[in-house]
Amino acid sequence: MSSIWDPLSLHPPSHSDALKVSFPQEHVMFMTLNRPRHLNAMTPQLTTDIAAILNWFDDQSSLWVVVITGEGRAFCAGADLKAWLQRQTSGKANEQEDIASSVHGFASISRRRTCKPMIAAVNGSAYGGGVEMILNCDIVIASEDAVFALPEVKRGVLAAQGVIPRLARVAGHQLASEMLLLGNNVTAVEARDRFRFVNIVVEKSAVIPTALEIARQMINNSPDSVQSSKEGLLLSQKHHFEEAVQTQSLSFVSKRLYQGENIKARHVSSIFIPQDSGILILLS
């Protein structure tokens, strides 16, 4: 994968003001949901914008990591109920078919299976679809005042865009049941320590700097290796052990890893002896 970085050559697709896109550091795209007055609730237009940008991002060899956050005091309050109600009253809505046919899920994020890492910088509250988005990110940084909830059961609807199997896998059946069947708020510390879908909790002012630092650490590694590793994680969700290993070993991403320039540049002959370990590791 090319490591050439020229942000001036990047021309993302046109999109509405409800989404802000920038490139704050090498190989990193920063995407901000920009409907703060509406707590960044998701509309069809914003979903279309995100889909176009992320589809473009996936095709850019110089972009390796995306950071997603929200403007204002919320990350995302879920679906915009006004837009949802308009669709319902129009007679055009078919929730079951829409969910089943959606390629990438809520906000074009909750079921997106990209090999490029996605980092969620959760600056405030996240409800419903906002949590669905977060559960499909690889690293989650949350402000200490962030609140998470899946309140769909209180509204007679369903958290159906991928969060149920993911939360069950991450938190276990009983804790997933607690969030899904009660619909109550969960603090950032609880999300980290009990439910285990948050990596790091920091002060609000440190959320974005911490997310960008995590992104910087990622891009210091081989992009081919990072993306192949993430592909292995995705395959482990879909296949049993042996099938996951075999499928990954024959994949395009693995081929690019073993035949690409990154492995040649980083695979330097050396001897590494961990201190006080008594172990000799040869790298060749």
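Residues numbered from 1 in each chain as written. Predicted model: local features only at pLDDT ≥ 70, side-chain atom pairs only at ≥ 80, totals over all residues. Heavy atoms only, no water.

Visitor: Just checking my understanding: could you explain the overall build of the protein chain for this structure?
Guide: Helix and strand content of the protein chain: 13 helices and 12 strands. The buried share among the 284 residues of the protein chain stands at 45%. Nonlocal contacts in the protein chain, meaning residues at least 24 apart in sequence, comprise 66% of its contacts between residues at least 6 apart. As displayed, the protein chain has an accessible area near 14900 Å², and 55% of this comes from carbon and sulfur atoms. (Helix = DSSP H or I, 4+ residues; strand = E, 2+ residues; numbered from the N terminus. Buried < 20%, exposed > 50% of the residue type's maximum accessible area, 1.4 Å probe, protein only. Contact = heavy atoms within 4.5 Å. Areas by Shrake-Rupley, 256 points an atom, 1.4 Å probe, with all protein chains shown as cover.)

Visitor: Could you clarify how one ought to interpret the pairing of strand β2 (residues 28-33) in this entry?
Guide: Regular strands show a simple pattern: their side chains alternate between the two faces of the sheet. In terms of burial, β2 is a largely internal element, six of the six residues being buried. Every second residue of β2 is oriented toward a common face, with Val-28, Phe-30 and Thr-32 on one face and Met-29, Met-31 and Leu-33 on the other, all of them buried. In this sheet, β2 lies alongside strand β1 (residues 19-25) in antiparallel orientation, the contact comprising five bridges. Looking at the pairing, Val-21 lines up with Met-31 of β2. Where β1 hands over to β2, the hairpin turn is made up of two residues, of which His-27 adopts a positive phi near 65°. In the sheet, β2 pairs with strand β3 (residues 65-70) via six bridges, with the strands oriented parallel. (Pairing = 2+ DSSP bridges.)

Visitor: Is there a simple way to explain the packing of helix α6 (residues 163-171) against helix α7 (residues 173-182) in this structure?
Guide: Two numbers describe a pair of packed helices, the interaxial angle and the distance between the axes. Between α6 and α7, the least distance of the axes is 7 Å, while the angle of their chain directions is 135°. If you check the angle between α6 and α7, you find them oblique. In this structure, the crossing between α6 and α7 has a hand that is right-handed. Counting all contacts with α6, which are made through Ile-164, Leu-167, Ala-168 and Ala-171, the residues of α7 involved are His-173, Leu-175, Ala-176, Met-179 and Leu-180. In the contact of α6 with α7, the residues fall into eight nonpolar, one polar and no charged. (Axes fitted to C-alpha atoms, helices over the stretch in contact; angles between N-to-C directions. Parallel < 35°, antiparallel > 145°, perpendicular 65-115°, else oblique. Left-handed = near helix turned anticlockwise from the far one by under 90°. Nonpolar A, V, L, I, M, F, W, Y, C, P; charged D, E, K, R; others polar.)

Visitor: Please clarify how the layout of surface pockets should be interpreted in this entry.
Guide: Gaps left between atoms show up when a probe the size of a water molecule is rolled over them. Roughly 380 Å³ of internal volume is contained in the second largest pocket. Taken together, 18 residues line the second largest pocket, and the ones lying closest to its centre are Leu-135, Cys-137, Asp-138, Val-170 and Gln-237. Among the secondary structure elements, those contributing two or more residues to the lining of the second largest pocket are α4 (129-135), α6 and α10 (223-238). Among the elements that take part in the lining of the second largest pocket, α10 stands out by supplying five residues, more than any other. A per-class count over the lining of the second largest pocket returns nine nonpolar, four polar and five charged. (1 Å grid on protein atoms, 1.4 Å probe; cavity = no way out; pocket = protein on both sides within 12 Å on 5 of 7 lines; lining within 4 Å. Points joined across faces, edges and corners; volume = space filled by probe spheres on them.)

Visitor: Even after reading the chapter, I still don't get the sheet that holds strand β6 (residues 125-127), so can you show me in this structure?
Guide: If you trace the four strands from one edge of the open sheet to the other, you get β4-β6-β8-β9, paired in mixed fashion. Edge positions in the open sheet fall to β4 (74-76) and β9 (186-187), since each of these has one partner strand only. Bridge count between β6 and strand β8 (residues 147-149): two bridges; the pairing is parallel. Along β8, the bridge assignment pairs Ala-126 with Phe-148.

Visitor: Before we go on, may I ask you to explain the side chain of Ser-125 in this structure?
Guide: Relative to the assigned elements, Ser-125 resides in strand β6. Every residue in contact with Ser-125, bar those within four places of it in the chain, is listed here: Arg-73, Ala-74, Phe-75, Cys-76 and Val-147.

Visitor: I keep staring at α7 and nothing clicks. Help me out?
Guide: Residues that lie three or four places apart on an α-helix share one face, since the helix turns once every 3.6 residues. Burial in α7 covers these residues: Ala-176, Ser-177, Met-179 and Leu-180. Buried residues belonging to α7 abut β8, α5 (152-155), α6 and β9. A positive phi of about 75° marks Gly-183, the residue just after α7.

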